[in-house]
Amino acid sequence: MTVKARIERIGEFVDQEVTLEGWLWNKRSSGKIAFLNFRDGTGFIQCVVVKQDVPEELFELAKGLSQESSIRVTGLVRQEERSQIGYEITVTGIEVVSRTEDYPITPKEHGVDFLLDHRHLWIRSPRQRAILKIRAEVIKGMRAFFDENGFTQVDPPVLTPSSAEGTTNMFETEYVNGESAYLSQSGQLYMEAAAMALGRVYSFGPTFRAEKSKTRKHMNEFWMIEPEMAYVGHQENLQIQEALVKYTIKHILDNCKYELKTLERDTAPLERVVAEKFPIITYAEAVKILQEKGHDFPYGEDFGAPHETELTNHFDLPIFVEKWPANIKAFYMQPDPENPDVILGADLLAPEGYGEIVGGSERIHDYELMKQRFEHENFDESYNWYLELRKYGSVPHSGFGIGLERTIAWICGIDHIRETIMIPRTLYRLYP
């Protein structure tokens, strides 16, 4: 009896007849054999139609199929060492569900702008499917890490009355009462409140930055994972960040072998990340390294992409750069008691030129110090609730944010984060 199967589990049906439901990715044929590259969303498999073994009309149907036509294929599952997945289908039947004509993305080369204009179709390709599959597994791995380590997921609001960091690069909208509201840049401030209720928490959701940036590392809409932890200091915060990254990388190495192979990703650098301890250097030490390597980089400025690349190449591992100058970091970061001019915080820089993927710090928990920061920043009353957290049961606490798309780009080894999300929102591109 024929059974319905999916490509991801096709190995369970060797020497059995199955029916697959999906789409024709592409095909090639000779006079006697037609090779159909078939996909069903869970993977790709070659389906072979042998002219002498099937009715003439079935062979002609197979030869005449057009790219991305939706079809049902029935056939015998066979082991095949030359196949990337180890199996192929010997076809005994084909049913056309919907025939496609003039599919715009052909096997020829297309420009990036063309592909982004057709992003809703581009995601069907093997490379884009692999990236989106890895994205799903990164999310699964991170959630598993937090669930296994006593964190509770909390969902902060997406509409906020003010910025998390006092910046102006925000998308403004009008609330129902006529007041201004903004799409969230970060859920961090709200997550600090949640940590005071639940101890260890994390949020996962979209964030928005109205930055007119055209670099390969920036988008206007992206996803963030933002944990906050009560009674956790700076050093423990770094340990948790490292453990999360190692756990996630191992999860991908264990569960996305086919996708990594599709992307031709060299996994040796990722395996090293899992195996070795992340170096920790101070901002001052990082500046010294840059200067020794010939960069004209003054103390007190933020790193650009070339500086981050230089630092990670120096260690060939993810590195923590800690104790940044307080005047270039956010108002809520705890000063180092040994040197109040720097903060107890760090950025985690990914190797291979991918730069910052995590930013975190111990938060100011002293009421009077936070009140001084409020006065210095000239915050309005919309922030008063955040100050109250330091008034009622305040404790030392820390947190961080990890950018999902930058992390995925690094894991996949791809050039631009616009491929790491289904429909990217970048400068001048709001469609499709």
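Computed from a predicted model, the values in this text were never measured in an experiment.

A. Focus on the domain arrangement of the protein chain. We note that the domain assignment places domain 1 (3–98) and domain 2 (119–419) within the protein chain. Opposite the 10 residues of domain 1 that make contact, domain 2 presents 8 residues. The contact between domain 1 and domain 2 buries some 800 Å² in all, and 55% of this surface belongs to carbon and sulfur atoms. For the domain 1 face of the interface with domain 2, the top three residues by lost area are Trp25, Phe44 and Gln84, together amounting to 59%. At the junction of domain 1 with domain 2, the criterion picks out 1 salt bridge. For glutamate 68, the salt bridge is made with arginine 124, and the minimal N-O distance between the two is 2.9 Å. Put simply, domain 1 and domain 2 have 3 residue pairs in polar contact (both at pLDDT 80 or more) between them. Here the residues of the side of domain 1 that touches domain 2 sort into 3 nonpolar, 4 polar and 3 charged.

B. Region of interest: the sheet that holds strand 9 (residues 172–174). On the basis of which strands lie adjacent, the open sheet formed by 3 strands has the order 8-10-9 and antiparallel pairing. Because the sheet does not close on itself, it has two edges, and the strands there are strand 8 (159–160) and strand 9. Alignment of strand 8 against strand 10 (residues 180–183), held across 2 bridges, turns out to be antiparallel. Paired with threonine 160 across the two strands is tyrosine 182, which belongs to strand 10.

C. Inspection of the environment of isoleucine 249 at higher detail. Within the fold, isoleucine 249 resides in helix 6 (residues 234–255). Looking at isoleucine 249, the relative accessible area reads 1%, which means it is buried. Once the C-alpha coordinates of isoleucine 249 and lysine 63 are considered, the two residues, 186 residues apart in sequence, prove to be 42 Å apart. Excluding residues within four positions of it along the chain, isoleucine 249 makes contact with Leu270, Val273, Val274, Trp410 and Ile411.

D. Summary view of the side chain of glutamate 362. Inspection of the secondary structure puts glutamate 362 in strand 18 (residues 355–363). Although glutamate 362 lies buried, it forms no salt bridge, and the closest oppositely charged side chain, arginine 363, sits 9.6 Å away as judged by the N-O distance. Polar side-chain contacts of glutamate 362 include one of 3.1 Å to the backbone nitrogen of histidine 234. Ignoring anything within four residues of it in the chain, the contact list for glutamate 362 reads Gly233, His234, Asn237, Tyr332, Met333, Gln334, Leu344, Pro396, His397 and Ser398.

E. Summary view of the pattern of salt bridges. One pass over the structure, following the stated rule, counts 26 salt bridges. With a shortest N-O distance of 2.9 Å, glutamate 12 and arginine 9 are connected by a salt bridge. Overall, the relative accessible area of 46% leaves glutamate 12 in the partly exposed class. Measuring nitrogen to oxygen at the nearest pair gives 2.9 Å for the salt bridge that ties arginine 135 to glutamate 405. Of the two residues, arginine 135 is situated in helix 4 (residues 126–148) and glutamate 405 in helix 13 (residues 404–412); the sequence distance between them amounts to 270 residues. Just as arginine 135 is buried, glutamate 405 falls in that class too. One connected set of salt bridges, linked through shared partners, spans Lys4, Glu21, Arg72 and Glu95.

F. Local environment of the side chain of arginine 39. Summarising the element assignment, arginine 39 is placed in strand 3 (residues 33–39). Take arginine 39: its relative accessible area is 8%, and that puts it in the buried class. Among the polar contacts made by the side chain of arginine 39, one reaches the side chain of glutamate 68 at a distance of 2.7 Å.

G. The arrangement of the nonpolar core in detail. Membership of the largest hydrophobic core comes to 48 residues, with the highest contact counts inside it found for Ile134, Val138, Ile225, Val245, Ile249, Trp410 and Ile411. Look past the residues within four positions of isoleucine 411 in its chain and what remains in contact with it is Ile134, Val138, Ile249, Ile252, Leu260, Arg265 and Leu270. Counting residues in hydrophobic clusters, the runner-up holds 27 residues, among them Ile281, Ala286, Phe331 and Phe374.

H. Local environment of the sheet that holds strand 13 (residues 280–282). Spatial ordering of the open sheet is given by 7-11-12-19-18-17-14-13, a layout of 8 strands whose pairing is mixed. In this open sheet, the two edge strands, each paired with only one partner strand, are strand 7 (152–153) and strand 13. Here strand 7 pairs with strand 11 (residues 200–208) via 2 bridges, running parallel. Looking at strand 11, one finds that threonine 152 is bridged to valine 201. Of the strands in this sheet, strand 7, strand 11, strand 12 (221–230), strand 18 and strand 19 (397–403) touch helix 5 (residues 188–198), which is tilted by about 35° from strand 12. Most of the contacts of helix 9 (residues 283–292) go to strand 13, to which it runs at about 85°, and overall it touches strand 13 and strand 14 (319–322).

I. Here's a closer look at the environment of glutamine 153. Inspection of the secondary structure puts glutamine 153 in strand 7. In this structure, the C-alpha to C-alpha distance between glutamine 153 and leucine 198, residues 45 residues apart in sequence, is 9.7 Å. Here glutamine 153 is in contact with Arg143, Tyr202 and Phe204, once residues within four sequence places are set aside. At a separation of 2.5 Å, a polar atom in the side chain of glutamine 153 contacts the side chain of arginine 143.

J. How the structure looks around the packing of aromatic side chains. Counted by the stated rule, this structure contains 22 aromatic pairs. Arranged with centres 6.2 Å apart and planes meeting at 75°, the rings of phenylalanine 331 and phenylalanine 374 form a pair that is edge-to-face. Of this pair, phenylalanine 331 sits in the loop between strand 14 and strand 15 (335–336) while phenylalanine 374 is found in helix 11 (residues 367–377), placing the two residues 43 residues apart along the sequence. Owing to a relative accessible area of 6%, phenylalanine 374 belongs among the buried residues under this scheme. When the centroid spacing of 6.4 Å and the interplanar angle of 10° are considered together, the rings of phenylalanine 374 and tyrosine 386 count as stacked.

Here is what the cut-offs are and how they apply
Residues numbered from 1 in each chain as written. Predicted model: local features only at pLDDT ≥ 70, side-chain atom pairs only at ≥ 80, totals over all residues. Heavy atoms only, no water. Domains from an automatic or database assignment. Contact = heavy atoms within 4.5 Å. Buried area = accessible area lost by both parts, 1.4 Å probe. Salt bridge = Lys/Arg side-chain N within 4 Å of Asp/Glu carboxyl O. Polar contact = N/O pair within 3.5 Å; in protein donor to acceptor, adjacent residues only side chain to side chain. Nonpolar A, V, L, I, M, F, W, Y, C, P; charged D, E, K, R; others polar. Pairing = 2+ DSSP bridges. Helix = DSSP H or I, 4+ residues; strand = E, 2+ residues; numbered from the N terminus. Buried < 20%, exposed > 50% of the residue type's maximum accessible area, 1.4 Å probe, protein only. Lys, Arg positive; Asp, Glu negative; His and termini not counted. Core = buried A, V, L, I, M, F, W, Y, C linked by side-chain atoms within 4.5 Å. Axes fitted to C-alpha atoms, helices over the stretch in contact; angles between N-to-C directions. Phe/Tyr/Trp six-rings, centres within 6.5 Å; stacked < 30°, edge-to-face > 60°.

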